[in-house]
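# Chain and residue survey
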Amino acid sequence: MMTQSALLQLDSLTAAPRLLGWELLRREVDGSLTGGRIVEVEAYHGAEDPASHAYRGRSARNAPMYEASGVIYTYLSYGLHTCLNIVTGPSGQAQAVLIRALEPTRGLTTMAARRSTANPRLLASGPGRVGQALGLTVSMSGQRLEEVIELRPPPAAPSPADIWSGPRIGITRAADRPWRFWLANNDFVSARHTKL
C-alpha cells in the first residue's frame, strides 16, 4: 500500500482514484473522531482545467492550491457549503482532489447533530455535506492536512473494477471530462451514473 506522502505527491488525476477507500477523519476538540471512508472524489487539474479555481491564475482565495501536496483547500460553494479539497502534486501546479462523499465510520452522533439528520446516507453524501458533517470552515484553508484531517489507508486497495469514473458534477466548464471517481455500488456516493 502506498504511503500518504507518496500518494499525495502524485498528480490529481492519478491520486484521486487511489484515495478511494482511505478513511478520512477529523479529531474533534474533545478528542473524538468524526469521518468515514472516502467513496467519491473529483480531480481538478490546475491551470489547464477550465473547471479548476486555478484556471484564471493565482488569487488570495485559491493560493493554498499552489502549495505543495498535503495542504487543504476549503472554500464556500454558493456562499453556503464548505467544500474540502486535498492539494496534490508539487508546489506551483495548483492540483487538488475534492472529497465528494464519505461512508460514515466514526462519530455518527456528532455528524448527525451537525447535519440535523440521523440517516447515515445523508450525513456525508455530497461535498457540502462532508464539510458540514466534519465541522470544516473556510478559515482552515491553507493548513497542512495533519493539522485538520487524518488519512488512514484501507486494509486493501479497492479493485480497479470497483472504481468507476464519469463526468464531474455541478460545473459548467469541462463538465464532460471523466474526472469524478467513485466506488461502484456504494450506497453513500452522492450521485451514481454509468461509468465511462
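For the structure, check the block above.
Let us look at the structure shown here.

Tracing the backbone shows E40 in strand 2 (residues 33-45). When its relative accessible area of 0% is taken as the criterion, E40 is described as buried. At 2.6 Å, the side chain of E40 forms a polar contact with the side chain of R180. Once residues lying within four places of it in the same chain are set aside, the contact partners of E40 are L20, L98, I99, R100, A101, I169, R180, F181, W182, V189, S190 and A191.

Turning next to the side chain of T34. With respect to the secondary-structure elements, T34 resides in strand 2. Taking the relative accessible area as the measure of exposure, T34 reaches 0% and is therefore buried. At 2.7 Å, the side chain of T34 forms a polar contact with the side chain of E28. Contacts of T34, omitting those with residues within four sequence positions, involve L24, L25, R26, E28, R106, G107, T110, M111, R114 and L134.

Here we take up the pairing of strand 4 (residues 81-88). Burial within strand 4 is extensive, with seven of its eight residues counted as buried. Note: strand 3 (residues 72-77) against strand 4, six bridges, orientation antiparallel. Looking at the pairing, Y75 lines up with C83 of strand 4. Relative to strand 5 (residues 95-106), strand 4 is paired through four bridges, and the arrangement is antiparallel.

Interaxial distance between helix 3 (residues 108-115) and helix 4 (residues 127-134) falls to 8 Å at its minimum, and their mutual angle equals 115 degrees. Classed by the angle they form, the pair helix 3 and helix 4 counts as roughly perpendicular. As for the relative orientation of helix 3 and helix 4, their crossing is right-handed in sense. Where helix 3 abuts helix 4, its residues M111, R114 and R115 lie against R129, Q132, A133 and L134.

Turning our eyes to something else, we now look at unusual backbone geometry. The phi dihedral of S116 falls on the positive side, at around 55 degrees, and the residue is not glycine. Within the fold, S116 resides in the loop between helix 3 and helix 4.

Right, let's get into the pattern of salt bridges. In total, this model carries nine salt bridges according to the counting rule given. Linking R100 and E40 is a salt bridge whose minimum nitrogen-to-oxygen distance equals 3.0 Å. Taken together, the residues R100 in strand 5 and E40 in strand 2 connect sequence positions 60 residues apart. Across the pair E40 and R180 runs a salt bridge, and its minimum N-O distance is 2.6 Å. Taken as a pair, E40 in strand 2 and R180 in strand 8 (residues 180-183) lie far apart in primary sequence, 140 residues in all. By the burial criterion, E40 is buried, and R180 matches it. Overlapping salt bridges bring together E40, E42, R100 and R180 as one network.

Moving on to the packing of aromatic side chains. What characterises a pair of aromatic rings is the spacing of the ring centres plus the angle enclosed by the ring planes. Evaluation of the coordinates by the stated rule reveals two aromatic pairs. Here the basic side chain of R180 rests over the ring of W182, its NZ or CZ set 4.0 Å away from the ring centre.

Once that is clear, we can look at helix 3. Within helix 3 the residues assigned to the buried category are M111, A112 and R115. The arc enclosing the buried residues of helix 3, seen along the axis, measures out at 100 degrees, which places them on a common side. Residues of helix 3 that are exposed and point more than 90 degrees away from the buried face comprise T109 and A113. Among the structural elements, strand 2, strand 5 and helix 4 are those in contact with the buried residues of helix 3. Count one or two residues on from helix 3 and you reach S116, which has phi positive near 55 degrees.

Scoring rules and cut-offs
- Residues numbered from 1 in each chain as written.
- Predicted model: local features only at pLDDT ≥ 70, side-chain atom pairs only at ≥ 80, totals over all residues.
- Heavy atoms only, no water.
- Helix = DSSP H or I, 4+ residues; strand = E, 2+ residues; numbered from the N terminus.
- Buried < 20%, exposed > 50% of the residue type's maximum accessible area, 1.4 Å probe, protein only.
- Polar contact = N/O pair within 3.5 Å; in protein donor to acceptor, adjacent residues only side chain to side chain.
- Contact = heavy atoms within 4.5 Å.
- Pairing = 2+ DSSP bridges.
- Axes fitted to C-alpha atoms, helices over the stretch in contact; angles between N-to-C directions.
- Parallel < 35°, antiparallel > 145°, perpendicular 65-115°, else oblique.
- Left-handed = near helix turned anticlockwise from the far one by under 90°.
- Salt bridge = Lys/Arg side-chain N within 4 Å of Asp/Glu carboxyl O.
- Phe/Tyr/Trp six-rings, centres within 6.5 Å; stacked < 30°, edge-to-face > 60°.
- Lys NZ or Arg CZ within 6 Å of the ring centre and 35° of its normal.
- Arc of directions from axis to C-beta.

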